[in-house]
Amino acid sequence: MAFDSLSDRLQQALRKVTGRGTLTETDIETMMREVRLSLLEADVNYKVVKDFTNEVKAKALGERVLKSITPGQQVVKIVFEELKRVMGDEAEGLRFKPQGTTIFMLVGLNGTGKTTHAGKLALYCRRKYNKNPLLVAADVYRPAAIDQLVTIGKQLSIPTFEMGTNYTPEEIVKKAIDYAKENKHDLVIIDTAGRFHVNEELMAELRRLKEIAQPDEILLTVDAMTGQDAVNVSQSFHEQLNVTGVILTKLDGDTRGGAALSIRRVTGVPIKFMGLGEKLDQLEVFHPERMASRILGMGDVLTLLEKAQDAINEEEAELMAKKFKNATFDYNDFLKQIKQIRRLGSIKGLLSLIPGLGSQLKNIEIDENQFNHIVAIINSMTEEERHNPDIINASRKQRIARGSGRDISEVNRLTKQFEEMRQMRRKMMNMSPKEMERMMNNLNRPGGQPSTPVSYSKGKGKNKGRRAPWF
Ligand SMILES: Nc1nc2c(ncn2[C@@H]2O[C@H](COP(=O)(O)OP(=O)(O)OP(=O)(O)O)[C@@H](O)[C@H]2O)c(=O)[nH]1
Ligand SMILES: [Mg+2]
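Take the environment of H197 next. Looking at the secondary structure, you find H197 in the loop between strand 4 (187-191) and helix 8 (200-213). The class for H197 is exposed, based on 9 C-beta atoms found within 10 Å. As a C-alpha pair, H197 and V233 span 36 residues in sequence and 8.4 Å in three-dimensional space.

Structure below.
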(Lines give C-alpha, C1' and ligand atoms only; values in the text may rest on other atoms or scores of the structure.)
(Ligands and ions follow the chains in the order given, each with its own letter.)
Protein backbone atom coordinates (compact mmCIF):
# COMPACT_ATOMS: atom_id res chain seq x y z
CA MET A 1 0.00 0.00 0.00
CA ALA A 2 1.14 3.49 -0.81
CA PHE A 3 2.80 5.46 1.97
CA ASP A 4 3.39 2.38 4.07
CA SER A 5 7.01 2.99 4.85
CA LEU A 6 6.56 6.73 5.16
CA SER A 7 3.71 6.06 7.55
CA ASP A 8 5.82 3.65 9.57
CA ARG A 9 8.77 5.95 9.86
CA LEU A 10 6.79 9.06 10.64
CA GLN A 11 4.77 7.25 13.22
CA GLN A 12 7.92 5.90 14.79
CA ALA A 13 9.40 9.35 15.01
CA LEU A 14 6.23 10.74 16.52
CA ARG A 15 5.60 7.87 18.89
CA LYS A 16 8.75 8.82 20.73
CA VAL A 17 7.25 12.16 21.67
CA THR A 18 3.50 11.56 21.76
CA GLY A 19 3.28 10.55 25.38
CA ARG A 20 5.80 13.05 26.63
CA GLY A 21 4.74 15.60 29.18
CA THR A 22 7.69 17.87 28.49
CA LEU A 23 9.70 18.42 25.35
CA THR A 24 12.97 20.24 25.07
CA GLU A 25 14.26 21.95 21.98
CA THR A 26 16.70 19.06 21.56
CA ASP A 27 13.83 16.56 21.63
CA ILE A 28 12.14 18.48 18.88
CA GLU A 29 15.37 18.71 16.88
CA THR A 30 15.89 14.98 17.14
CA MET A 31 12.37 14.24 16.11
CA MET A 32 12.53 16.65 13.20
CA ARG A 33 15.67 14.97 11.92
CA GLU A 34 13.77 11.71 11.72
CA VAL A 35 10.78 13.34 10.12
CA ARG A 36 13.08 14.90 7.54
CA LEU A 37 14.71 11.56 6.76
CA SER A 38 11.43 9.74 6.40
CA LEU A 39 10.12 12.36 3.99
CA LEU A 40 13.27 12.32 1.89
CA GLU A 41 13.16 8.55 1.79
CA ALA A 42 9.57 8.74 0.56
CA ASP A 43 10.93 10.78 -2.33
CA VAL A 44 9.36 14.03 -1.27
CA ASN A 45 10.91 17.02 -3.02
CA TYR A 46 13.84 18.29 -0.92
CA LYS A 47 12.57 21.87 -0.91
CA VAL A 48 9.18 20.73 0.30
CA VAL A 49 10.88 18.72 3.02
CA LYS A 50 12.91 21.71 4.11
CA ASP A 51 9.90 24.02 4.30
CA PHE A 52 7.89 21.35 6.01
CA THR A 53 10.39 20.67 8.77
CA ASN A 54 11.14 24.34 9.32
CA GLU A 55 7.48 25.10 9.61
CA VAL A 56 6.77 22.28 12.04
CA LYS A 57 9.77 23.19 14.15
CA ALA A 58 8.87 26.85 14.36
CA LYS A 59 5.33 26.01 15.31
CA ALA A 60 6.36 23.37 17.81
CA LEU A 61 8.65 25.82 19.56
CA GLY A 62 6.25 28.72 19.37
CA GLU A 63 3.01 27.03 20.25
CA ARG A 64 1.17 27.87 23.42
CA VAL A 65 1.13 25.04 25.86
CA LEU A 66 -2.34 23.61 26.06
CA LYS A 67 -3.62 22.08 29.22
CA SER A 68 -5.57 19.10 28.02
CA ILE A 69 -3.05 17.56 25.65
CA THR A 70 0.59 16.80 26.22
CA PRO A 71 3.34 18.68 24.43
CA GLY A 72 4.03 15.48 22.55
CA GLN A 73 0.48 15.26 21.29
CA GLN A 74 0.69 18.88 20.40
CA VAL A 75 3.66 18.20 18.14
CA VAL A 76 1.77 15.36 16.47
CA LYS A 77 -1.07 17.77 15.85
CA ILE A 78 1.32 20.25 14.27
CA VAL A 79 2.82 17.59 11.99
CA PHE A 80 -0.65 16.52 11.00
CA GLU A 81 -1.76 20.03 10.17
CA GLU A 82 1.38 20.74 8.20
CA LEU A 83 0.97 17.50 6.22
CA LYS A 84 -2.56 18.49 5.42
CA ARG A 85 -1.49 21.97 4.40
CA VAL A 86 1.25 20.69 2.11
CA MET A 87 -1.30 18.57 0.29
CA GLY A 88 -3.70 21.46 -0.16
CA ASP A 89 -5.86 21.69 2.99
CA GLU A 90 -9.28 21.26 1.42
CA ALA A 91 -10.49 18.84 -1.22
CA GLU A 92 -11.16 20.64 -4.47
CA GLY A 93 -14.14 19.70 -6.57
CA LEU A 94 -14.59 19.67 -10.33
CA ARG A 95 -15.62 22.76 -12.24
CA PHE A 96 -18.77 22.36 -14.27
CA LYS A 97 -20.37 24.93 -16.53
CA PRO A 98 -23.58 26.12 -14.90
CA GLN A 99 -25.29 25.46 -18.22
CA GLY A 100 -24.38 23.77 -21.46
CA THR A 101 -21.63 21.27 -22.12
CA THR A 102 -18.77 21.00 -19.67
CA ILE A 103 -15.48 19.88 -21.15
CA PHE A 104 -12.69 17.98 -19.43
CA MET A 105 -9.43 17.19 -21.11
CA LEU A 106 -7.06 14.53 -19.81
CA VAL A 107 -3.37 15.01 -20.39
CA GLY A 108 -0.25 13.23 -19.20
CA LEU A 109 2.73 11.11 -20.10
CA ASN A 110 2.50 7.63 -21.60
CA GLY A 111 0.91 5.00 -19.45
CA THR A 112 0.05 7.30 -16.56
CA GLY A 113 -3.65 6.44 -16.79
CA LYS A 114 -5.35 8.99 -19.06
CA THR A 115 -7.56 6.52 -20.90
CA THR A 116 -8.49 4.58 -17.78
CA HIS A 117 -9.26 7.75 -15.86
CA ALA A 118 -11.33 9.20 -18.68
CA GLY A 119 -13.60 6.21 -18.08
CA LYS A 120 -13.42 6.49 -14.29
CA LEU A 121 -14.33 10.16 -14.41
CA ALA A 122 -17.24 9.55 -16.77
CA LEU A 123 -18.61 6.96 -14.38
CA TYR A 124 -18.00 9.15 -11.35
CA CYS A 125 -19.74 12.17 -12.90
CA ARG A 126 -22.70 10.12 -14.03
CA ARG A 127 -23.13 8.64 -10.57
CA LYS A 128 -22.39 11.70 -8.52
CA TYR A 129 -23.68 14.54 -10.70
CA ASN A 130 -26.12 12.71 -12.88
CA LYS A 131 -24.20 13.73 -16.01
CA ASN A 132 -24.62 12.30 -19.46
CA PRO A 133 -20.99 12.04 -20.56
CA LEU A 134 -19.41 11.54 -23.95
CA LEU A 135 -15.92 10.06 -24.18
CA VAL A 136 -13.75 11.35 -27.01
CA ALA A 137 -10.86 9.39 -28.52
CA ALA A 138 -8.31 12.00 -29.53
CA ASP A 139 -5.26 9.74 -29.35
CA VAL A 140 -4.86 8.98 -33.06
CA TYR A 141 -1.35 7.58 -32.96
CA ARG A 142 -2.29 4.03 -32.06
CA PRO A 143 -5.44 2.23 -33.19
CA ALA A 144 -5.25 0.26 -29.95
CA ALA A 145 -5.69 3.46 -27.99
CA ILE A 146 -9.04 4.10 -29.63
CA ASP A 147 -10.17 0.53 -29.09
CA GLN A 148 -9.19 0.77 -25.44
CA LEU A 149 -11.43 3.79 -24.88
CA VAL A 150 -14.29 2.25 -26.87
CA THR A 151 -14.07 -0.88 -24.73
CA ILE A 152 -14.15 1.16 -21.54
CA GLY A 153 -17.14 3.10 -22.85
CA LYS A 154 -18.97 -0.12 -23.61
CA GLN A 155 -18.32 -1.48 -20.13
CA LEU A 156 -19.92 1.61 -18.68
CA SER A 157 -22.60 2.05 -21.32
CA ILE A 158 -21.19 5.45 -22.07
CA PRO A 159 -20.83 6.41 -25.75
CA THR A 160 -17.38 7.03 -27.20
CA PHE A 161 -16.85 9.47 -30.06
CA GLU A 162 -14.13 8.32 -32.45
CA MET A 163 -13.16 9.00 -36.05
CA GLY A 164 -10.41 6.42 -36.43
CA THR A 165 -6.85 7.47 -37.04
CA ASN A 166 -7.22 9.35 -40.31
CA TYR A 167 -8.18 12.70 -38.84
CA THR A 168 -6.20 15.09 -36.69
CA PRO A 169 -7.00 15.32 -32.99
CA GLU A 170 -8.08 18.92 -33.61
CA GLU A 171 -10.69 17.86 -36.17
CA ILE A 172 -11.93 15.09 -33.93
CA VAL A 173 -12.31 17.33 -30.90
CA LYS A 174 -14.16 19.99 -32.89
CA LYS A 175 -16.61 17.44 -34.31
CA ALA A 176 -17.01 15.71 -30.96
CA ILE A 177 -18.06 18.90 -29.21
CA ASP A 178 -20.63 19.64 -31.92
CA TYR A 179 -21.88 16.10 -31.62
CA ALA A 180 -22.17 16.38 -27.85
CA LYS A 181 -24.17 19.57 -28.07
CA GLU A 182 -26.55 18.08 -30.62
CA ASN A 183 -27.01 14.94 -28.57
CA LYS A 184 -27.54 16.50 -25.17
CA HIS A 185 -24.29 15.40 -23.62
CA ASP A 186 -23.63 17.85 -20.84
CA LEU A 187 -20.12 16.50 -20.27
CA VAL A 188 -17.34 15.77 -22.75
CA ILE A 189 -14.22 13.94 -21.61
CA ILE A 190 -11.34 14.05 -24.05
CA ASP A 191 -8.66 11.36 -23.93
CA THR A 192 -5.44 12.65 -25.47
CA ALA A 193 -2.22 10.98 -26.58
CA GLY A 194 0.77 10.58 -24.32
CA ARG A 195 4.51 10.67 -24.90
CA PHE A 196 7.33 9.12 -22.98
CA HIS A 197 8.85 12.49 -22.26
CA VAL A 198 7.61 16.01 -22.17
CA ASN A 199 8.30 17.31 -25.68
CA GLU A 200 7.42 20.33 -27.71
CA GLU A 201 5.46 18.40 -30.31
CA LEU A 202 3.10 16.98 -27.73
CA MET A 203 2.72 20.28 -25.92
CA ALA A 204 1.96 22.12 -29.15
CA GLU A 205 -0.77 19.64 -29.99
CA LEU A 206 -2.26 19.88 -26.50
CA ARG A 207 -2.19 23.67 -26.65
CA ARG A 208 -4.07 23.57 -29.95
CA LEU A 209 -6.65 21.18 -28.49
CA LYS A 210 -7.05 23.42 -25.49
CA GLU A 211 -7.64 26.36 -27.79
CA ILE A 212 -10.36 24.49 -29.67
CA ALA A 213 -12.06 22.77 -26.75
CA GLN A 214 -11.80 25.59 -24.17
CA PRO A 215 -11.94 22.96 -21.44
CA ASP A 216 -13.35 23.65 -17.99
CA GLU A 217 -10.80 21.28 -16.53
CA ILE A 218 -7.42 20.18 -17.80
CA LEU A 219 -6.64 17.19 -15.65
CA LEU A 220 -3.13 15.86 -15.55
CA THR A 221 -2.67 12.19 -14.75
CA VAL A 222 0.45 11.60 -12.71
CA ASP A 223 1.76 8.16 -11.86
CA ALA A 224 2.36 8.19 -8.13
CA MET A 225 5.13 5.63 -8.53
CA THR A 226 7.36 8.06 -10.38
CA GLY A 227 8.16 10.21 -7.35
CA GLN A 228 10.43 13.18 -8.01
CA ASP A 229 9.98 12.87 -11.75
CA ALA A 230 6.27 13.33 -11.36
CA VAL A 231 6.88 16.73 -9.85
CA ASN A 232 9.06 17.94 -12.72
CA VAL A 233 6.65 16.59 -15.31
CA SER A 234 3.72 18.26 -13.61
CA GLN A 235 5.59 21.51 -13.53
CA SER A 236 6.24 21.36 -17.30
CA PHE A 237 2.65 20.50 -18.16
CA HIS A 238 1.41 23.23 -15.92
CA GLU A 239 3.68 25.85 -17.46
CA GLN A 240 2.46 24.95 -20.93
CA LEU A 241 -1.20 24.33 -20.31
CA ASN A 242 -2.28 25.82 -17.03
CA VAL A 243 -3.46 22.54 -15.65
CA THR A 244 -6.50 22.82 -13.35
CA GLY A 245 -6.08 19.62 -11.43
CA VAL A 246 -3.98 16.53 -10.93
CA ILE A 247 -5.20 12.95 -10.80
CA LEU A 248 -2.67 10.95 -8.86
CA THR A 249 -2.87 7.46 -10.29
CA LYS A 250 -1.70 4.06 -9.10
CA LEU A 251 -1.73 5.01 -5.47
CA ASP A 252 -2.79 1.44 -4.80
CA GLY A 253 0.68 0.31 -5.76
CA ASP A 254 3.73 0.19 -3.62
CA THR A 255 4.57 3.84 -4.01
CA ARG A 256 6.60 5.83 -1.59
CA GLY A 257 4.09 8.62 -1.86
CA GLY A 258 6.48 11.51 -2.36
CA ALA A 259 4.55 12.82 -5.34
CA ALA A 260 1.41 13.34 -3.31
CA LEU A 261 3.34 15.42 -0.84
CA SER A 262 5.26 17.49 -3.36
CA ILE A 263 3.08 18.25 -6.35
CA ARG A 264 0.68 20.63 -4.74
CA ARG A 265 3.36 22.59 -2.94
CA VAL A 266 5.71 22.81 -5.92
CA THR A 267 3.21 23.46 -8.72
CA GLY A 268 0.29 24.96 -6.85
CA VAL A 269 -2.05 22.67 -8.80
CA PRO A 270 -4.56 20.89 -6.58
CA ILE A 271 -4.66 17.10 -6.52
CA LYS A 272 -8.31 16.46 -7.23
CA PHE A 273 -8.53 12.69 -7.45
CA MET A 274 -6.57 9.57 -6.79
CA GLY A 275 -6.62 6.37 -8.78
CA LEU A 276 -6.62 3.29 -6.61
CA GLY A 277 -6.71 0.44 -9.11
CA GLU A 278 -7.37 -0.66 -12.66
CA LYS A 279 -11.10 -1.06 -12.14
CA LEU A 280 -13.28 1.77 -13.32
CA ASP A 281 -14.80 2.51 -9.96
CA GLN A 282 -11.46 2.76 -8.24
CA LEU A 283 -11.37 6.52 -8.18
CA GLU A 284 -11.56 8.66 -5.09
CA VAL A 285 -11.66 12.35 -4.34
CA PHE A 286 -8.35 13.41 -2.84
CA HIS A 287 -8.92 14.70 0.69
CA PRO A 288 -5.73 16.23 2.12
CA GLU A 289 -7.01 15.83 5.64
CA ARG A 290 -7.90 12.17 5.31
CA MET A 291 -4.63 11.53 3.54
CA ALA A 292 -2.67 13.20 6.31
CA SER A 293 -4.39 11.19 8.99
CA ARG A 294 -3.89 8.04 6.96
CA ILE A 295 -0.18 8.74 6.67
CA LEU A 296 0.06 9.31 10.38
CA GLY A 297 -2.02 6.20 10.90
CA MET A 298 -4.24 7.91 13.38
CA GLY A 299 -7.96 7.60 13.28
CA ASP A 300 -7.99 9.61 16.45
CA VAL A 301 -6.15 12.58 15.05
CA LEU A 302 -9.45 14.37 14.66
CA THR A 303 -10.40 13.75 18.25
CA LEU A 304 -7.05 15.09 19.25
CA LEU A 305 -7.67 18.23 17.26
CA GLU A 306 -11.06 18.75 18.79
CA LYS A 307 -9.58 18.37 22.22
CA ALA A 308 -6.94 20.94 21.42
CA GLN A 309 -9.51 23.35 20.13
CA ASP A 310 -11.61 22.93 23.24
CA ALA A 311 -8.57 23.64 25.34
CA ILE A 312 -7.92 26.84 23.46
CA ASN A 313 -11.49 27.96 23.88
CA GLU A 314 -11.49 27.11 27.54
CA GLU A 315 -8.31 28.97 28.26
CA GLU A 316 -9.52 32.01 26.45
CA ALA A 317 -12.81 31.96 28.27
CA GLU A 318 -11.00 31.67 31.58
CA LEU A 319 -8.77 34.55 30.70
CA MET A 320 -11.71 36.71 29.77
CA ALA A 321 -13.56 35.77 32.89
CA LYS A 322 -10.56 36.65 35.02
CA LYS A 323 -10.22 39.97 33.32
CA PHE A 324 -13.75 41.02 33.92
CA LYS A 325 -14.77 39.07 36.96
CA ASN A 326 -13.90 41.70 39.46
CA ALA A 327 -17.24 43.00 40.45
CA THR A 328 -15.54 43.59 43.79
CA PHE A 329 -12.88 45.66 42.20
CA ASP A 330 -11.34 47.92 44.84
CA TYR A 331 -8.53 50.42 45.20
CA ASN A 332 -6.06 47.69 45.99
CA ASP A 333 -6.80 46.10 42.64
CA PHE A 334 -6.51 49.48 41.07
CA LEU A 335 -3.12 50.02 42.64
CA LYS A 336 -1.98 46.59 41.52
CA GLN A 337 -3.08 47.39 38.01
CA ILE A 338 -1.23 50.67 37.94
CA LYS A 339 1.92 48.97 39.14
CA GLN A 340 1.55 46.36 36.44
CA ILE A 341 1.14 48.97 33.78
CA ARG A 342 4.15 50.91 35.00
CA ARG A 343 6.23 47.78 35.00
CA LEU A 344 5.39 47.40 31.34
CA GLY A 345 7.02 50.69 30.49
CA SER A 346 6.03 54.25 29.98
CA ILE A 347 2.35 54.82 29.59
CA LYS A 348 2.85 56.58 26.30
CA GLY A 349 4.70 53.63 24.88
CA LEU A 350 1.93 51.41 26.07
CA LEU A 351 -0.82 53.51 24.56
CA SER A 352 1.00 53.63 21.25
CA LEU A 353 0.49 49.88 21.02
CA ILE A 354 -3.25 50.35 20.70
CA PRO A 355 -4.09 50.07 17.02
CA GLY A 356 -4.86 53.38 15.44
CA LEU A 357 -3.90 55.42 18.45
CA GLY A 358 -0.23 55.82 17.60
CA SER A 359 -0.59 58.76 15.27
CA GLN A 360 -2.86 60.67 17.62
CA LEU A 361 -0.32 60.40 20.39
CA LYS A 362 2.04 62.86 18.80
CA ASN A 363 -0.13 65.71 19.99
CA ILE A 364 -0.85 64.34 23.41
CA GLU A 365 1.46 64.88 26.30
CA ILE A 366 0.95 62.30 28.94
CA ASP A 367 1.99 63.35 32.36
CA GLU A 368 3.76 60.40 33.86
CA ASN A 369 3.64 62.22 37.17
CA GLN A 370 -0.09 61.78 37.09
CA PHE A 371 0.49 58.20 38.07
CA ASN A 372 2.63 59.08 41.01
CA HIS A 373 -0.14 61.34 42.18
CA ILE A 374 -2.74 58.63 41.84
CA VAL A 375 -0.55 56.25 43.77
CA ALA A 376 -0.01 58.86 46.46
CA ILE A 377 -3.74 59.44 46.78
CA ILE A 378 -4.53 55.74 47.07
CA ASN A 379 -1.72 55.30 49.57
CA SER A 380 -3.38 57.91 51.75
CA MET A 381 -6.54 55.87 51.99
CA THR A 382 -7.04 53.58 54.92
CA GLU A 383 -7.17 49.88 54.22
CA GLU A 384 -10.89 49.98 54.91
CA GLU A 385 -11.42 52.79 52.42
CA ARG A 386 -9.47 50.98 49.77
CA HIS A 387 -11.49 47.89 50.30
CA ASN A 388 -14.88 49.62 50.52
CA PRO A 389 -14.66 52.60 48.18
CA ASP A 390 -18.29 53.44 48.91
CA ILE A 391 -17.49 54.74 52.37
CA ILE A 392 -15.27 57.52 51.00
CA ASN A 393 -17.35 60.60 51.75
CA ALA A 394 -16.53 64.31 51.53
CA SER A 395 -14.70 64.53 54.83
CA ARG A 396 -12.68 61.41 54.09
CA LYS A 397 -11.75 62.92 50.75
CA GLN A 398 -10.50 66.04 52.53
CA ARG A 399 -8.31 63.91 54.75
CA ILE A 400 -6.99 61.85 51.79
CA ALA A 401 -6.16 65.05 49.89
CA ARG A 402 -4.24 66.42 52.84
CA GLY A 403 -2.41 63.16 53.44
CA SER A 404 -1.29 62.83 49.84
CA GLY A 405 -0.49 66.48 49.34
CA ARG A 406 -2.81 66.65 46.34
CA ASP A 407 -5.64 69.01 45.60
CA ILE A 408 -9.14 67.94 46.56
CA SER A 409 -10.18 68.26 42.90
CA GLU A 410 -7.67 65.54 42.00
CA VAL A 411 -9.07 63.26 44.64
CA ASN A 412 -12.55 63.88 43.31
CA ARG A 413 -11.43 63.14 39.78
CA LEU A 414 -9.84 59.90 40.81
CA THR A 415 -12.80 58.64 42.77
CA LYS A 416 -15.09 59.53 39.90
CA GLN A 417 -12.89 57.70 37.41
CA PHE A 418 -12.66 54.74 39.69
CA GLU A 419 -16.41 54.60 40.03
CA GLU A 420 -16.89 54.68 36.27
CA MET A 421 -14.43 51.93 35.85
CA ARG A 422 -16.07 49.80 38.47
CA GLN A 423 -19.43 50.22 36.84
CA MET A 424 -18.08 49.38 33.47
CA ARG A 425 -16.64 46.16 34.80
CA ARG A 426 -19.96 45.24 36.27
CA LYS A 427 -21.67 45.90 32.98
CA MET A 428 -19.13 43.82 31.15
CA MET A 429 -19.67 40.95 33.50
CA ASN A 430 -23.33 40.96 32.69
CA MET A 431 -22.82 41.19 28.98
CA SER A 432 -23.63 38.31 26.73
CA PRO A 433 -20.70 37.05 24.66
CA LYS A 434 -22.26 38.71 21.60
CA GLU A 435 -22.44 42.10 23.29
CA MET A 436 -18.90 41.70 24.52
CA GLU A 437 -17.74 40.88 21.04
CA ARG A 438 -19.50 43.91 19.62
CA MET A 439 -17.91 46.15 22.17
CA MET A 440 -14.44 44.72 21.59
CA ASN A 441 -14.81 45.20 17.87
CA ASN A 442 -15.76 48.79 18.44
CA LEU A 443 -12.74 49.38 20.61
CA ASN A 444 -10.41 47.87 18.03
CA ARG A 445 -11.62 50.01 15.18
CA PRO A 446 -8.91 52.04 13.47
CA GLY A 447 -8.96 55.35 15.19
CA GLY A 448 -8.55 53.70 18.54
CA GLN A 449 -11.59 54.93 20.31
CA PRO A 450 -15.05 53.71 19.61
CA SER A 451 -16.41 55.45 16.56
CA THR A 452 -19.79 55.44 18.12
CA PRO A 453 -19.99 55.60 21.87
CA VAL A 454 -20.23 52.15 23.34
CA SER A 455 -23.64 51.80 24.78
CA TYR A 456 -24.04 49.14 27.35
CA SER A 457 -27.31 47.75 26.28
CA LYS A 458 -28.40 46.77 29.74
CA GLY A 459 -27.55 50.11 31.26
CA LYS A 460 -30.60 52.27 31.13
CA GLY A 461 -29.34 54.77 33.67
CA LYS A 462 -26.74 57.44 33.60
CA ASN A 463 -24.06 55.21 32.13
CA LYS A 464 -25.88 54.55 28.95
CA GLY A 465 -23.79 55.64 26.02
CA ARG A 466 -20.72 56.48 28.02
CA ARG A 467 -17.30 55.88 26.68
CA ALA A 468 -15.00 53.48 28.33
CA PRO A 469 -12.53 55.28 30.56
CA TRP A 470 -8.89 54.59 29.80
CA PHE A 471 -8.44 51.74 32.14
N1 LIG B 1 -3.03 -0.26 -10.30
C2 LIG B 1 -3.46 0.73 -11.07
N3 LIG B 1 -3.33 0.65 -12.39
C4 LIG B 1 -3.79 1.66 -13.15
C5 LIG B 1 -4.40 2.80 -12.56
N6 LIG B 1 -4.72 3.63 -13.57
C7 LIG B 1 -4.36 3.03 -14.72
N8 LIG B 1 -3.78 1.84 -14.47
C9 LIG B 1 -3.21 0.91 -15.43
O10 LIG B 1 -2.10 1.54 -16.05
C11 LIG B 1 -2.00 1.15 -17.40
C12 LIG B 1 -1.97 2.37 -18.30
O13 LIG B 1 -3.21 3.05 -18.20
P14 LIG B 1 -3.84 3.89 -19.39
O15 LIG B 1 -5.12 4.40 -18.93
O16 LIG B 1 -3.82 3.09 -20.63
O17 LIG B 1 -2.77 5.03 -19.48
P18 LIG B 1 -2.64 6.15 -20.61
O19 LIG B 1 -2.14 7.36 -19.94
O20 LIG B 1 -3.90 6.27 -21.34
O21 LIG B 1 -1.51 5.54 -21.50
P22 LIG B 1 -1.17 5.95 -23.03
O23 LIG B 1 -2.45 6.10 -23.74
O24 LIG B 1 -0.35 4.82 -23.51
O25 LIG B 1 -0.38 7.20 -22.94
C26 LIG B 1 -3.19 0.25 -17.67
O27 LIG B 1 -2.79 -1.08 -17.55
C28 LIG B 1 -4.15 0.60 -16.55
O29 LIG B 1 -4.99 -0.49 -16.23
C30 LIG B 1 -4.51 2.85 -11.14
O31 LIG B 1 -5.01 3.81 -10.53
N32 LIG B 1 -4.04 1.79 -10.43
MG1 LIG C 1 -4.31 6.19 -23.37
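Counting residues in each nonpolar core, the largest one holds 89 residues, and the members touching the most others are V79, V136, V188, I189, I190 and L248. Here this core takes seven residues from helix 4 (residues 71-86), the largest share from any one element. Domain assignment of the residues forming this core places at least three in each of domain 1 (4-89 + 300-308) and domain 2 (102-286). If we skip the residues at most four places from it in the chain, I189 touches F104, L106, A118, L121, A122, P133, L135 and V136. Formed by eight residues, the second largest nonpolar core is a distinct cluster that contains I374, I377, M381 and L414.

So, about the sheet that holds strand 6 (residues 245-249). Spatial strand order, 3-2-4-1-5-6-7-8: eight strands in an open sheet with mixed pairing. Each of the sheet's edge strands pairs with one partner strand only, and the pair in question is strand 3 (160-161) and strand 8 (283-285). In terms of strand pairing, strand 1 (residues 102-107) meets strand 5 (residues 217-223) through four bridges, oriented parallel. Note on strand 5: the bridge partner recorded for V107 is L220. Against the sheet, helix 6 (residues 143-156) contacts strand 2 (133-137), strand 3 and strand 4, and its axis sits at roughly 165° relative to strand 2. Running over the sheet, helix 9 (residues 227-241) touches strand 1, strand 5 and strand 6 and is turned about 165° from strand 5.

Even without being glycine, D43 reaches a positive phi, approximately 70°. Topologically, D43 is positioned in the loop between helix 2 (25-41) and helix 3 (46-62). The residue K250 is not glycine, and still its phi comes out positive at about 60°. Among the structural elements, K250 can be located in the loop between strand 6 and helix 10 (258-267). Under the C-beta neighbour-count criterion, K250 is labelled buried, with 24 such atoms within 10 Å.

Cut-off values and rules
- Every residue gets a number counted from 1 within its own chain, in the order that chain's sequence is written.
- Chains carry letters and ligands carry numbers; both start at the beginning, A for chains and 1 for ligands, and go up in the order they are written.
- Local features in this predicted model are restricted to residues whose pLDDT is 70 or higher, and side-chain atom pairs enter the listing and the counts only when it is 80 or higher, whereas totals over whole chains, interfaces and linings include all residues.
- Segments assigned H or I by DSSP are reported as helices when at least four residues long, segments assigned E as strands when at least two residues long, and all are numbered from the N terminus.
- Exposed residues have 12 or fewer other C-beta atoms within 10 Å of their own C-beta, buried residues have 20 or more, and partly exposed residues fall in between, where C-beta atoms are placed from the backbone.
- What makes a nonpolar core is a set of buried Ala, Val, Leu, Ile, Met, Phe, Trp, Tyr and Cys residues, with links drawn between C-beta atoms within 7 Å.
- Residue ranges assigned to the domains are those given by an automatic or database domain assignment.
- Contact between two residues is assigned whenever their backbone-derived C-beta positions fall within 7 Å.
- Two strands pair under a simple rule: DSSP has to find at least two bridges between them.
- Here, axes are lines fitted to C-alpha atoms. For helices the fit covers the stretch in contact, and angles between N-to-C directions go from 0 to 180 degrees.

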